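# Structure assessment
Residue strings, one per chain:
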Amino acid sequence: MSETIRLCPKCSDVMQIGFIPDFSYGAAALETKWFYGEVTKGFFGGVKASPMGGIPVHAWRCAGCGFLEFFAVPKPA
Ligand SMILES: [Zn+2]
């Protein structure tokens, strides 16, 4: 398995893959996901989004300058 190497578009240093967990319920139980379209709110003001839907967001961080770049790529079947 080959390891992907990305270089920072700002300073050309090596970028590291990571993710941004959702701490909404006091624990890192959820991963951040991308959903198509504009935000719609439910009766209690929360964002309408199915926990089973969406595409996981991967974050690349530059080890040199801290620049962040996000990708939403579906997991392979
Ligand atoms: Zn950088």
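Report on the accompanying structure.

Conventions and cut-offs
Residues numbered from 1 in each chain as written. Predicted model: local features only at pLDDT ≥ 70, side-chain atom pairs only at ≥ 80, totals over all residues. Heavy atoms only, no water. Donors = N, O, S within 2.8 Å, 3.2 Å for Na, K, Ca; no water. Buried < 20%, exposed > 50% of the residue type's maximum accessible area, 1.4 Å probe, protein only. Helix = DSSP H or I, 4+ residues; strand = E, 2+ residues; numbered from the N terminus. Patch = residues over 30% accessible without salt bridge, like charges linked within 9 Å, V, L, I, M, F, W, Y side chains within 5 Å. Areas by Shrake-Rupley, 256 points an atom, 1.4 Å probe, with all protein chains shown as cover. Salt bridge = Lys/Arg side-chain N within 4 Å of Asp/Glu carboxyl O.

### Observations regarding the coordination of the zinc ion
Note on the zinc ion: its protein donors are Cys8 (SG), Cys11 (SG), Cys62 (SG) and Cys65 (SG). The metal-donor distances range over 2.3 to 2.4 Å. As a motif over one chain, the donors of the zinc ion read C-x2-C-x50-C-x2-C. Residue class for Cys8 comes out buried when judged on its relative accessible area of 3%.

### Some points on the environment of Thr4
Structurally, Thr4 can be placed in the segment before strand E1 (6-7). A sequence separation of twelve residues divides Thr4 from Gln16, and the C-alpha atoms of the two residues are 9.5 Å apart.

### Notes on a nonpolar patch on the surface
Taken together, the side chains of Ile5, Leu7 and Val14 make up a nonpolar region of the molecular surface, amounting to roughly 310 Å² of accessible area. For Leu7, the location among the structural elements is in strand E1. Among the residues examined, Leu7 registers a relative accessible area of 54% and is labelled exposed.

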